[in-house]
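Single-letter residue listing:
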Amino acid sequence: MLADFGLILGTGVSHHLDSVSHREVHVPTRFGQTEGLLFELGSAKWLGIRRHAFGHKLPPHSINYRAIAEAMRLAKVKACYATAAVGSLRADWAVGTVAVCSDFIDLTFRNVTVFEDSVVHTPFDEPYCTKARGWLLKAATSFELEVRPEAVYAATNGPRYETPAEVRMLKTLGADIVGMTGTTEAICMKELGVCYSCVGIVTNLAEGLSEQKINHREAEEIARNVGAQVFHLFGAVPSVALAS
Ligand code: HPA
């Protein structure tokens, strides 16, 4: 089962797959099975995977990141895109901001690797795929949607949200956004040689930065609304990639 592009659908965005006709596929990998969907978007064949599984069942620490990344490698995608709901660590990045990750700080301490039994030290000087990020940013120029071209993504283990002191620490470390899944996913993708780009969708200001309490339902709703535009943006990527 081959695909031109991959798409990992995060919180709130998964159900946009329902708007395109798709076929469900089981992808067996050496790291376990994952469930995917094959669909057409922008005249290209895509392999989509719901990060949290159908019905948003899996918490961030239970996701089989290795199987997802291996599925993308086996499908030989040119690039794998992802969406991730995130908290903003910056007062100037309001709810609804869309930012393409350019670097990360991994504070999950999950230590997930595809190299359990061999000594492989993968360079991470380019944590996200510059080529895929470039295609996405070029595609975004013909959209109304404003996209921040660079963002440092900090990941915490969750599933709880951060404390105000942790948020102050993350800001001090130089992170722009915070989430619970993006770094583990990026690590597995990079280790397996998959060209991977992640789009953060700000669903809330991080804890302590706003009077408003974080509410997961509301966060899902925001990711769903903004995610509709981001989903269409992905559809413009194949023609940009073809022309480059
Ligand atoms: N923190 C961690 N993960 C998140 C957040 C947050 O504030 N918002 C959405 N995912």
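The rules behind these values
Residues numbered from 1 in each chain as written. Predicted model: local features only at pLDDT ≥ 70, side-chain atom pairs only at ≥ 80, totals over all residues. Heavy atoms only, no water. Helix = DSSP H or I, 4+ residues; strand = E, 2+ residues; numbered from the N terminus. Rg over C-alpha atoms; globule rule 2.2 N^0.38 Å. Buried < 20%, exposed > 50% of the residue type's maximum accessible area, 1.4 Å probe, protein only. Contact = heavy atoms within 4.5 Å. Lys, Arg positive; Asp, Glu negative; His and termini not counted. Charge placed at Lys NZ, Arg CZ, Asp CG, Glu CD. Disulfide = S-S within 2.5 Å. Near = heavy atom within 4 Å. Polar contact = N/O pair within 3.5 Å; in protein donor to acceptor, adjacent residues only side chain to side chain. Areas by Shrake-Rupley, 256 points an atom, 1.4 Å probe, with all protein chains shown as cover. Nonpolar A, V, L, I, M, F, W, Y, C, P; charged D, E, K, R; others polar. Phe/Tyr/Trp six-rings, centres within 6.5 Å; stacked < 30°, edge-to-face > 60°. Lys NZ or Arg CZ within 6 Å of the ring centre and 35° of its normal.

This part covers the overall build of the chain. The helix and strand inventory of the chain stands at 5 helices and 11 strands. Relative to the 2.2 N^0.38 estimate, which gives 18 Å for 244 residues, the radius of gyration of the chain is 17 Å and therefore close to what a compact globule would have. Taking the principal axes of its C-alpha atoms as reference, the chain extends roughly 45 × 45 × 35 Å. Here the chain, with 244 residues, has 54% of them falling under the buried criterion. Partitioning the contacts of the chain with sequence separation of at least 6, the portion at a separation of at least 24 is 81%. Of the charged side chains in the chain, 23 are positive and 26 negative, and the gap between their average positions amounts to 3 Å.

Within helix α4 (residues 182–191), 9 of the 10 residues are buried, which leaves the element mostly enclosed by the surrounding structure. Residues of α4 that are buried include every one of Gly 182, Thr 183, Thr 184, Glu 185, Ala 186, Ile 187, Cys 188, Met 189 and Glu 191, and no others. Contacts from the buried residues of α4 go to β1 (5–9), α1 (65–74), β5 (79–88), β7 (103–107), β9 (152–156) and β11 (196–205). Taken from the residues just after α4, Gly 193 is the one with a positive phi, measuring 75°.

Take the state of the cysteines next. Following the criterion strictly, the structure yields 1 disulfide and no others. Across the disulfide, Cys 129 is cross-linked to Cys 195 (sulfur-sulfur distance 2.1 Å). Torsion about the S-S bond of the Cys 129 and Cys 195 cystine: about -75°, corresponding to left-handed handedness. Linking Cys 129 in the loop between β7 and α2 (130–140) with Cys 195 in the loop between α4 and β11, this pair joins segments that are 66 residues apart in sequence. The same class applies to Cys 129 as to Cys 195, namely buried. In this structure Cys 80 is a free cysteine whose sulfur lies 8.9 Å from that of Cys 195, the closest cysteine sulfur available. No disulfide involves Cys 188; its sulfur sits 12 Å from the nearest other cysteine sulfur, which is in Cys 80.

Bringing unusual backbone geometry into the picture now. A negative phi angle is the norm for most residues apart from glycine, just as the trans form is the norm for most peptide bonds. In this structure, Pro 159 follows Gly 158 across a cis peptide bond, with omega equal to 0°. Along the chain, Pro 159 falls in the loop between β9 and α3 (164–173). Non-glycine residue Ser 43 carries a positive phi angle of around 60°. One can find Ser 43 in the loop between β3 (32–41) and β4 (44–50).

Around the ligand sit Ala 85, Val 86, Gly 87, Tyr 161, Glu 162, Val 178, Gly 179, Met 180, Thr 203, Asn 204 and Ile 214, and those are all the residues in its vicinity. The separation between a nitrogen atom of the ligand and a polar main-chain atom of Ala 85 is 3.3 Å. Gly 87 has a polar backbone atom sitting 3.3 Å from a nitrogen atom of the ligand. Protein chains shield 94% of the accessible area of the ligand, which is 260 Å² for the free molecule. Going through the elements one at a time, β5, β10 (177–179) and β11 are the ones with two or more residues in the shell around the ligand. Along the lines of polarity and charge, the residues of the shell around the ligand split into 6 nonpolar, 4 polar and 1 charged.

Considering all chains together, one arrives at 9 aromatic pairs under this definition. Taken together, the aromatic side chains of Phe 5, Phe 39, Trp 46, Tyr 81, Trp 135, Phe 231 and Phe 234 make up a single cluster linked through ring pairs. The positively charged end of Lys 78 is found above the aromatic ring belonging to Phe 5, 5.7 Å away from the centroid.

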